[in-house]
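Structural description and commentary
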Amino acid sequence: MSKFQDLSLQVKISPETYIKFDGSEQLVLKNIHSEEGISIKYDIMLILYELVDWRSVGELIAPWPPDDQEKIIEHLGMLESQHIIMTSDAESMPLPESGLSAHLGKNIHINVENHHAMLRDYIRLAAYRRAIERAVKPDTVAMDLGCGSGILSFFTAKAGAQKIYAIERRPDIILLAQALAEANGIAEQIDFIEGASSHVSESRIDPKADLLVAEILGNGILEENVLEFTIDARRRFLKPDARMIPFQLDIYIFAFDSGLAMSRQEEVHELNDLYGLDFSLLAKVLCNKATTRMDRYNTMLNKTMSEPVMVKSLDFRILEETVFANRFELEALEDGQITSFCGYFKAHLDEDTILTNSPWAPATHWTQLIYTLAAPYPVKKSDKVTMEMIYDGALRVNIATDLGVH
Ligand SMILES: C[S@@+](CC[C@H](N)C(=O)[O-])C[C@H]1O[C@@H](n2cnc3c(N)ncnc32)[C@H](O)[C@@H]1O
């Protein structure tokens, strides 16, 4: 029997709220003051690991089905082994005393792994620091949207800004950022605001900002509803001619031939005889649909089959659209086959500071966005493949089904 069966786990996610797992049927989100809990059916790993915006979990009220118990226990074991949570065994071990742990309570465990990786991305931070230092004047009022560890606010403070609003929706990481600002003697300049930016009232931001600094770029390029949040922040929190870092984001796609695409193709081939049934019709539907994964594009192992094409350029200073669909063409560089497509971004931080996760640029902590076709697509040199890109919260790329090669 797993030791987690008896575990009463409590993870505090803000001074007032904690998640409780009592090893039986339910994972409960509780308010410390009222002791009223709501049961939430959600992926425990997501909640504990990412501490997602828990204000939205109200929609997910439901008891854990008993079938999920084993999965939860497995997750807990994994989270414990990574020291993301502590069990009652470990709870007796004293935590190092600090202002932060006193504030958070001893059950909090901040997941800083991804922020540490971002902090160690010197290319990313050199580019941001340069753009920030060029933009900041002594009277600058700035906003750091999604401040995370606070690093971009700290660069802005060190560059001499008068005031910085640092907004962050993860309650654990913003406390860390505050403690770091104090440790560095720059807390006076920074106004920390906990919560998703969309929940911050317009009147809270007074005076309005003349510089927006945001790094909410992900491996999936447009993640975390970045367009909605950026447009909303521009409309409600910025002065009319405010500068934005980045002010523009370009999305590039190119085609390639990868040996690794085989397993996906085998999965589709299986559909010809699935449990003794013929599912080949589904294979036809899947044929031009690409599956997505985040991975590093290996310039040595893969054969590049087209030049990269800029398929979308988003100017955040004037952008209004939060969904889009585009058609574009990729031209085959040689005879062969296309198995996959690779997407990457170029973020324009200022007129001549560009940050990119292009596979040919020096590596950053970002991977690339890889799309794999269900079946290889044969091409002859100079063939033009008509593609479509759709963004509706996730960025999808497919061969345009009604046109194909022409
Ligand atoms: C990619 S991290 C960057 C953190 C930090 N700015 C840096 O450069 O290291 C993005 C951060 O933005 C936060 N975030 C994303 N959207 C947000 C929003 N709308 N309001 C507040 N925080 C947000 C995430 O929780 C995450 O900590």
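Right above here is the structure, for reference.
Residues numbered from 1 in each chain as written. Predicted model: local features only at pLDDT ≥ 70, side-chain atom pairs only at ≥ 80, totals over all residues. Heavy atoms only, no water.

**Quick look at the overall build of the protein**
Put simply, the rule is: Elements are defined by DSSP. Helices are runs of H or I of four residues or more, strands are runs of E of two residues or more, and each kind is numbered from the N terminus. Only protein chains enter the accessibility calculation, which uses a 1.4 Å probe; a residue whose area is less than 20% of its type maximum is buried, one above 50% is exposed, and one in between is partly exposed. With residues, only the protein chains shown are counted as cover, and all accessible areas are computed by Shrake-Rupley using a 1.4 Å probe.
Counting its secondary structure elements, the protein contains 11 helices and 19 strands. Burial status across the protein gives 50% buried among its 406 residues. Summing over all exposed atoms, the protein offers an accessible surface of approximately 19900 Å²; the carbon and sulfur share of this is 53%.

**Here we look at the pairing of strand E19 (residues 395-399)**
Rules: Whether two strands pair comes down to DSSP finding at least two bridges between them.
E19 sits mainly inside the fold: 4 of its 5 residues count as buried. When strand E18 (residues 384-391) meets E19, the two strands line up antiparallel, connected through 5 bridges. Directly across from Ile-390, in E19, lies its bridge partner Arg-396. Where E18 folds back onto E19 in an antiparallel hairpin, the turn is made up of 3 residues, including Gly-393, whose phi is positive at roughly 115°.

**Examining the sheet that holds strand E14 (residues 324-331)**
Put simply, the rule reads: Fitted lines through C-alpha atoms give the axes, limited to the stretch in contact for helices. The angle between two N-to-C directions lies from 0 to 180 degrees.
A sheet is described by the order of its strands in space; here 3 strands give the open sequence E14-E18-E19, paired in antiparallel fashion. If you trace the sheet from one side to the other, it starts and ends with E14 and E19, each paired once. If you compare each strand with its neighbour and ignore which way they point, the axes differ by 25° on average.

**Some points on the site of the ligand**
Let me state the cut-off plainly: Only heavy atoms are used to decide nearness, and a residue is near a molecule or strand if one of them lies within 4 Å of it. Under this definition, polar contacts are N or O atom pairs within 3.5 Å; protein pairs additionally need one hydrogen-donor-capable and one acceptor-capable atom, and for neighbouring residues in sequence, both atoms have to be side-chain atoms. Residue polarity is assigned by list, with Asp, Glu, Lys and Arg as charged and Ala, Val, Leu, Ile, Met, Phe, Trp, Tyr, Cys and Pro as nonpolar; anything else, Gly included, falls into the polar class.
In the vicinity of the ligand, 17 residues are found, and the nearest of them are Arg-124, Gly-146, Glu-168, Ser-197 and Phe-229. Arg-124 places a polar side-chain atom, nitrogen or oxygen, 2.7 Å from an oxygen atom of the ligand. The protein chains hide 96% of the 600 Å² of surface that the ligand would expose on its own. Elements with a minimum of two residues in the shell around the ligand: helix H5 (113-119) and helix H7 (151-158). Split by residue class, the shell around the ligand holds 7 nonpolar, 5 polar and 5 charged.

**Here's the deal with the packing of aromatic side chains**
To describe a pair of aromatic rings, you give the distance between the ring centres and the angle between the ring planes. Note the following rule: Pairs were defined over the aromatic rings of Phe, Tyr and Trp, the Trp ring being its six-membered one, requiring ring centres within 6.5 Å. Orientation was assigned from the angle between planes: stacked under 30 degrees, edge-to-face over 60, tilted for the rest. Any Lys NZ or Arg CZ that is within 6 Å of a ring centre and within 35 degrees of that ring's normal is treated as a charge sitting over the ring.
This structure, assessed with the given rule, holds 9 aromatic pairs. With centroids separated by 6.0 Å and ring planes inclined at 55°, the aromatic side chains of Tyr-297 and Trp-360 adopt a geometry described as tilted. Taken as a pair, Tyr-297 in the loop between strand E11 (290-295) and strand E12 (303-304) and Trp-360 in the loop between strand E16 (353-356) and strand E17 (368-379) lie far apart in primary sequence, 63 residues in all. A relative accessible area of 45% places Trp-360 in the partly exposed class. Feature note: the residues Tyr-252, Phe-254, Phe-256, Tyr-297, Tyr-344 and Trp-360 constitute an aromatic cluster, connected by ring pairs. Residue placement shows Lys-312 over the ring face of Phe-324; its charged tip is 4.6 Å from the ring centre.

**A word on the pattern of salt bridges**
To keep things clear, this is the line we draw: A carboxyl oxygen of Asp or Glu within 4 Å of a side-chain nitrogen of Lys or Arg is what we treat as a salt bridge.
Going through the model one piece at a time under the given rule, you end up with 16 salt bridges. One salt bridge in this structure joins Lys-208 and Glu-202, with 2.8 Å as the shortest N-O distance. Its relative accessible area of 36% is what places Glu-202 among the partly exposed residues. A salt bridge links Glu-334 to Lys-303, with the nearest nitrogen and oxygen atoms 3.9 Å apart. One end of the pair, Glu-334, is in the loop between E14 and strand E15 (336-350); the other, Lys-303, is in strand E12, and 31 residues separate them in sequence.

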